[in-house]
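Structure at a glance
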Amino acid sequence: MKRILILFILVLGGFVITQSSWAQDTHLQIGKVIQKLTDEDNTVCVTMKGKKVAQYNLTYFKSIAIEHPNAYQIERIEQAIRKDASSITNREERTSGSHIAYGFYCLTPNEKGQNRYVFYTNNSLLGKSGYKVTLIYLEGKATLTELKKHFKK
Amino acid sequence: MNKYYDNLIERYFEAETSELEEQELLQFLLSPDAEDERYDEVRATMGYALTARKRKEAKAPRKAAFSHRWAAAACILLVCGTGFLSYHLYSQQEDCVAYVYGEKITDDETVKNYMVSTMSETLASGDDDILEQQLQDIFDVK
C-alpha cells in the first residue's frame, strides 16, 4: 500500500512539473491577456517557438495585434503590463494622458537565463495612420541590434 | 485440578480468559480428564467459536489482496491517463500558428510573414532618435 501511495505521488508530481514547464508565458499577465484576446474577430495573434524562430536567435515569440481596439481591450493590455511591472528590469515608455503610447520593456531572464522582452505600441497615440495596438512578447538570446537587423524596415 | 478448570470455564463464559488460557482450556477439554458430559456445553461453544474465528481469518487475506489489486489498477490507469493527457496538451502547443480574425493558420510561411510584419511595424514606432539610443542601452544584453 505504501508503494502504491509513493507511486501515486510521483505520478502527480511528474504531471505538475511537466505542466509548469510548458506554461512558458502564461504565468505573466501579458501571456494571459494574449490568450484571452486571441479568439476575438479584430485580432491577429501569432505564436512561434523553437526551431521556427531560431534563425532570429529567439526561442519564443508571441504577439497580438488588434485593429480598431475597443476601450476594454486596451485597458486589459495596459493593466497586464502594469501587473507584470515587478518583472520589468528596464523600460522605455511614452504615455499620452493615462495611456501607454509605446513601451519597450526588458523583463528578468527566465529560468534558462534567456532575455525576455515586451513591446507595446498604440498607433493612434503615436500620430500614425490606422488605429492599431500591438503587444509582443519575446524570449531568446537576441540583442536589439540583432532584432533590428532582422526586422526593421 | 478440575476446580481450576471449572473456574477457567466460568471465566471463559464471562469473556475474561486470555488466549493462552483458552488454549489451555481447549487442551483440557480434548483430554480424557474432560470426558464428563458436564463439559459438553463448553466444548460445543469453544468449537463453534474456533470455527468462526478460522473462517474470519480465511476471509481477511482475500479482502486485502482484492483491495490491493484495485489500488494497483487505479494507479496504472492514472499513469496512462496522465501520459495521454500530457501528450494531448503538449501537441496542442504548436510551434507555429496564427489566429487571424478568429481563423487558425498553420502554414509556416504565412505565419512567419505575420510575425515579420508585426515586428517591423513595432520597431518602426516611437521616437527614433531617442528610441535608438535608449533601447541600445537597455537591450544590448548578452
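Nothing here was measured: the structure is a model prediction, and the numbers come from that model. (Residues numbered from 1 in each chain as written. Chains lettered and ligands numbered in written order. Predicted model: local features only at pLDDT ≥ 70, side-chain atom pairs only at ≥ 80, totals over all residues. Heavy atoms only, no water.)

Looking at the environment of T122 of chain B
Using the following cut-off: The secondary structure listing takes helices from DSSP runs of H or I that are at least 4 residues long and strands from runs of E that are at least 2 residues long, numbered from the N terminus. For this analysis, residues touch if any pair of their heavy atoms sits within 4.5 Å.
With respect to the helices and strands, the residue T122 of chain B is situated in helix α4 (residues 108-123). When sequence neighbours within four positions are dropped, the list of residues in contact with T122 of chain B reads F104, F119, T121, T134 and I136 of chain A.

Re helix α2 (residues 19-30) of chain B
Residue and element names in this part refer to chain B. Heads up, the rule is: Multiplying 1.5 Å by the residue count of a helix minus one yields the expected span of that helix. Relative accessible area decides the class of each residue, using a 1.4 Å probe on protein chains only: under 20% of the type maximum gives buried, over 50% gives exposed, and in between gives partly exposed. Of all possible arcs, the one meant is that of the directions from the helix axis to the C-beta atoms.
Counted at 1.5 Å a residue, the expected span for α2 with its twelve residues is 16 Å, and the 17 Å between its end C-alpha atoms agrees. Looking at α2, one finds that the buried residues are E21, E22, L25, L26, F28 and L29. The buried residues of α2 occupy an angular sector of 160° when projected down its axis, which confines them to one face. Exposed and oriented more than 90 degrees from the buried face of α2 are E19, L20, Q27 and L30.

Here we look at the nonpolar core
In plain terms, the rule: As used here, the term nonpolar core means buried Ala, Val, Leu, Ile, Met, Phe, Trp, Tyr and Cys residues forming a set that is joined through side-chain atoms within 4.5 Å.
Residues F61, F119, L138 and L147 of chain A together with M115 and M119 of chain B are the most contacted members of the largest nonpolar core, which totals 28 residues. Where this core is concerned, the elements lending two or more residues are β1 (43-49), β2 (58-67), β4 (99-107), β5 (115-122), β6 (132-140) and α4 (144-151) of chain A together with β1 (96-100) and α4 of chain B. Setting aside residues no more than four positions away along its own chain, M115 of chain B makes contact with V46, M48, V53, Y56, L58, F61 and F151 of chain A. In terms of nonpolar packing, the next biggest core, distinct from the first, is built from 22 residues, I34, C45, I77 and Y120 of chain A among them.

Notes on the sheet that holds β1 of chain A
Let me state the cut-off plainly: We call two strands paired when DSSP finds no fewer than two bridges between them. Geometry is summarised by axes, namely lines fitted to C-alpha atoms with helices restricted to the contacting stretch, and by angles between N-to-C directions that run from 0 to 180 degrees.
The strand order across the open sheet built from eight strands is β3(A)-β4(A)-β5(A)-β6(A)-β2(A)-β1(A)-β1(B)-β2(B), with neighbouring strands paired in antiparallel fashion. Edge strands, defined here as strands with exactly one partner in the open sheet, are β3 (88-96) of chain A together with β2 (103-105) of chain B. Neighbouring strand axes in the sheet, compared pairwise and without regard to direction, differ in orientation by 10° on average. Of the strand pairs in this sheet, β5 of chain A and β6 of chain A are connected by eight bridges, and their pairing is antiparallel. Residue pairing across strands places Y120 of chain A opposite L135 of chain A, the latter belonging to β6 of chain A.

Structural notes on the pairing of β2 of chain A
Within a regular strand, the side chains alternate between the two sheet faces. Residue and element names in this part refer to chain A. Burial of β2 is extensive: eight of the ten residues sit out of reach of the surface. Relative to β2, β1 runs antiparallel, the two being bridged by seven bridges. If you follow T43 over to β2, its bridge partner there is I66. Pairing of β2 with β6, which is carried by nine bridges, proceeds in the antiparallel orientation. When the sheet's bridge partners are listed, I66 is paired in β6 with V133.

Keep in mind that these numbers describe shape and distance, not what the molecule does.
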